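Here is how the chains run, residue by residue.
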Amino acid sequence: MVVGSVRQVSTVRRLRPVWAQQSVDPGARAIQPSLDDVGTPLSEVTFVVVDLETTGGTPADCAITEIGAVKVRGGEVLGEFQTLVDPGGPVPPFIQVLTGITTTMLIGAPPIEEVLPSFLEFARDAVLVAHNAPFDVGFLKAAAARTGHRWPGNRVLDTVRLARRVVTRDEAPNHKLSSLAALFGATVTPNHRALSDARATVDVLHALLGRLAPLGVTHLEDLATATDPVPADVRRKRTLADGLPDSPGVYLFRGPGDEVLYVGTSTTSLRRRVRSYFTSSEKRGRITEMVRIAERVDPVVCATPLEARVRELRLIAEHSPRYNRRSRFPERMPWVRLTSEPYPRLSVVRDVRDEDGAAYIGPFGSARTATLAVDALHESFEIRQCTRRLPLVATPGASSCALAGMGRCGAPCVGAQGADEYAVLVERVRRAMTSDPAPVVAAHAGRLQQLVDQQRYEEAATVRDRLGAFLRGASRAQRLDPLARCAELVAAARTPDGGWELVLVRHGRLAATARVDRRTDPRPVIATLRETAAHVVAPVAPAPAAHPEETDLVLAWLDQPGVRLVHVDGVYAYPVRSALADPDTAAALDAHGRLLAGVEASTGFGADSSPARPEADLGAAVPRTA
């Protein structure tokens, strides 16, 4: 008997299965794509198919008695490994009957401490395959832990799970190795001996991979999701990801007639992100429907993750894909305007206009939210709520509305409130919208307390929602405004490899971006960006010259730790006494309560603004405003 034998077979070849064959066009020009472009074809993957015999079913109190393994690649057997193992005790009688391995046969066999290093070397860098892999790999991992060997972390493939994916009960009564070997006509019949069962599993593996190939499982990377419950027609679309670059960027799913169905982004790898649409990780029914319609995927490679996110927004706004739900219609995002009239009022509008005396907050996600913000201001100030334009001098015979009788309006429509007195009120409203929200917070805090004391909780929730809508709209406008007014801002951030990510922004719009490695001086690149960046027409602040969500992305990037200002053309400053201090409703109410209690608020109220001073080099970090 030969114990612990390893046979390296290099001359024995089997007929290459369909999944391992590659057609070659003799007239085609030879092109060698990189693995980053196409992944690792299954024909180039080394598999080690392993089978164990043991003294029982759990590695905690049982041991290995035999190891058999076959190394294959592309349908070719490269080597075999077989050895009996001394389990350190007797073999139970029912195991002897099942496997034919007796306690006497194991006398003189090497212990697992001697066998395991040889097997780990045999299986090094290969994909481990087993029928019911948790059982076999579980015993091997337990043996490694007991003997002090580090488990190498090989990828593991379970042929039972693969069989459940592609073999129906009409073909085989179950997914046992013996049933599958008979179904696929394996050259070796399983007999509960390790090497024979491993050889039979090799034939089963090849047959299963052959069935999976038409479903798009053709590369090593595909095996990770090969057993996912994905519809066959969706899985076959996996080839749409072939050839996509392994870099940040934007992808466009296109359907019949070149229609853009969906636009998405990846900040790391376009290929991996698109492949995820063909796995069980994709749970959205609409997206699965989109994948069924899609005919190709167009990539747009980007220099930086920020550029990828920005391009995604722009492409969604440009194409309005039917399967994208967000960011499709930026022109529909409403604002709240304090109008420019002799007696200004509040209104919900779709655009920001250059009008003397007008003020804006927003944009809001919906007209309903904008209306809540208007209600919050009406709750806090006695500004008129009628919609008609009032003359500077009241019309004789005019009558006031019910709000005047309730003390909620000064009735400028009938001359009860003069233009100068109304202007003072309007200035208070404007200040609450553009800098200090304290009067709005105070009014709502008092109203909330009354409603809670009376246990009118549903009304209290409405008041809370109104305040929250106002604070979010005001803080967003105050955050967008400084960047929208900046003619040009250049900033830089260190990359993990020691280089620089450079960003140039004009009026809130990303105008240029680049990356330089640590061996390249970024200053000449910055000078080139400033000369070649897109020209951006100045908008009417606080609206930026871009999709508001694009400016939000730029601001989020600027707020990252370590981002440094290089150049600012204009004033980049936030008002300190502003909604930015406490944009969250609970935080704002808490700050108001502490002020009433005589405790100094943590928001640092007192200064009018906190300017961000640009520096001449890359050494100045972006300052944090209050």
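Residues numbered from 1 in each chain as written. Predicted model: local features only at pLDDT ≥ 70, side-chain atom pairs only at ≥ 80, totals over all residues. Heavy atoms only, no water.

Some details on helix α6 (residues 177-184)
Part 1: Turning to α6, its buried residues are Leu 177, Ser 179, Leu 180 and Ala 181.
Part 2: At its buried positions, α6 is contacted by α5 (159-166) and α7 (194-212).
Part 3: The positive-phi residue at the C-terminal boundary of α6 is Gly 185, with phi of around 65°. (Buried < 20%, exposed > 50% of the residue type's maximum accessible area, 1.4 Å probe, protein only. Helix = DSSP H or I, 4+ residues; strand = E, 2+ residues; numbered from the N terminus. Contact = heavy atoms within 4.5 Å.)

A few points about the nonpolar core
Part 1: Residues Leu 346, Ile 361 and Phe 470 are the most contacted members of the largest nonpolar core, which totals 33 residues.
Part 2: Every element with two or more residues in this core is listed here: β10 (335-338), β12 (359-361), α13 (367-380), α15 (419-434), α16 (438-453) and α17 (457-485).
Part 3: When sequence neighbours within four positions are dropped, the list of residues in contact with Phe 470 reads Ile 361, Ala 373, Ala 376, Leu 377, Ala 432, Met 433, Pro 437 and Val 440.
Part 4: With 29 residues, the next largest nonpolar core counts Val 77, Leu 162, Leu 177 and Leu 223 among its residues. (Core = buried A, V, L, I, M, F, W, Y, C linked by side-chain atoms within 4.5 Å.)

Things to note about the packing of α6 against α7
Part 1: Here α6 crosses α7 at 60°, and the two axes come no closer than 9 Å. With respect to each other, α6 and α7 are oriented oblique. The hand of the α6/α7 crossing is left-handed. Here Leu 177, Leu 180, Ala 181 and Phe 184 of α6 lie close against α7, whose contacting residues are Asp 197, Ala 200, Thr 201, Val 204, Ala 207, Leu 208 and Arg 211.
Part 2: Tallied by class, the residues present in the contact of α6 with α7 amount to eight nonpolar, one polar and two charged. (Axes fitted to C-alpha atoms, helices over the stretch in contact; angles between N-to-C directions. Parallel < 35°, antiparallel > 145°, perpendicular 65-115°, else oblique. Left-handed = near helix turned anticlockwise from the far one by under 90°. Nonpolar A, V, L, I, M, F, W, Y, C, P; charged D, E, K, R; others polar.)

Notes on the confidence of the model for the protein
Part 1: Averaged over the protein, the pLDDT score is 85; the fraction of residues at 70 or greater is 87%.
Part 2: Counting interchain partners and residues more than four positions distant, the pLDDT-below-50 stretch residues 21-38 has 14 contacts.
Part 3: Here residues 599-617 is modelled with pLDDT under 50, and outside its nearest four sequence neighbours on either side it reaches 43 contacts, counting other chains as well. (pLDDT = per-residue confidence, 0-100.)

Re the pairing of strand β2 (residues 46-54)
Part 1: Within β2, nine of the nine residues are buried, leaving the element largely enclosed by the surrounding structure.
Part 2: Two strands pair when backbone bridges link them, and β2 and strand β3 (residues 64-73) are joined in this way by nine bridges, in the antiparallel orientation. Note on β3: the bridge partner recorded for Thr 54 is Ile 64.
Part 3: Bridging between β2 and strand β5 (residues 127-130) involves three bridges; their strand directions are parallel. Across the sheet, residue Phe 47 finds its bridge partner in β5, namely Val 127. (Pairing = 2+ DSSP bridges.)

Thoughts on the side chain of Ser 179
Part 1: Tracing the backbone shows Ser 179 in helix α6.
Part 2: By relative accessible area, which is 17% here, Ser 179 ends up buried.
Part 3: At 2.6 Å, the side chain of Ser 179 and the side chain of Asn 174 are in polar contact.
Part 4: Not counting residues up to four positions away in its chain, the partners in contact with Ser 179 are Pro 173 and Asn 174. (Polar contact = N/O pair within 3.5 Å; in protein donor to acceptor, adjacent residues only side chain to side chain.)

Looking at the pairing of β3
Part 1: The element β3 is largely enclosed, with a buried count of nine among its ten residues.
Part 2: In this sheet, strand β4 (residues 76-84) lies alongside β3 in antiparallel orientation, the contact comprising eight bridges. By the bridge assignment for β4, Ile 67 is matched with Thr 83.
Part 3: A loop of two residues connects β3 with β4, the two strands running antiparallel in sequence, and Gly 74 in this loop sits at a positive phi of about 60°.

Focus on the side chain of His 378
Part 1: Tracing the sequence through the fold places His 378 in helix α13.
Part 2: For His 378, a relative accessible area of 10% translates into the label buried.
Part 3: Filtering out sequence-adjacent residues up to four positions away, His 378 remains in contact with Leu 346, Ile 383, Arg 384, Gln 385 and Arg 408.

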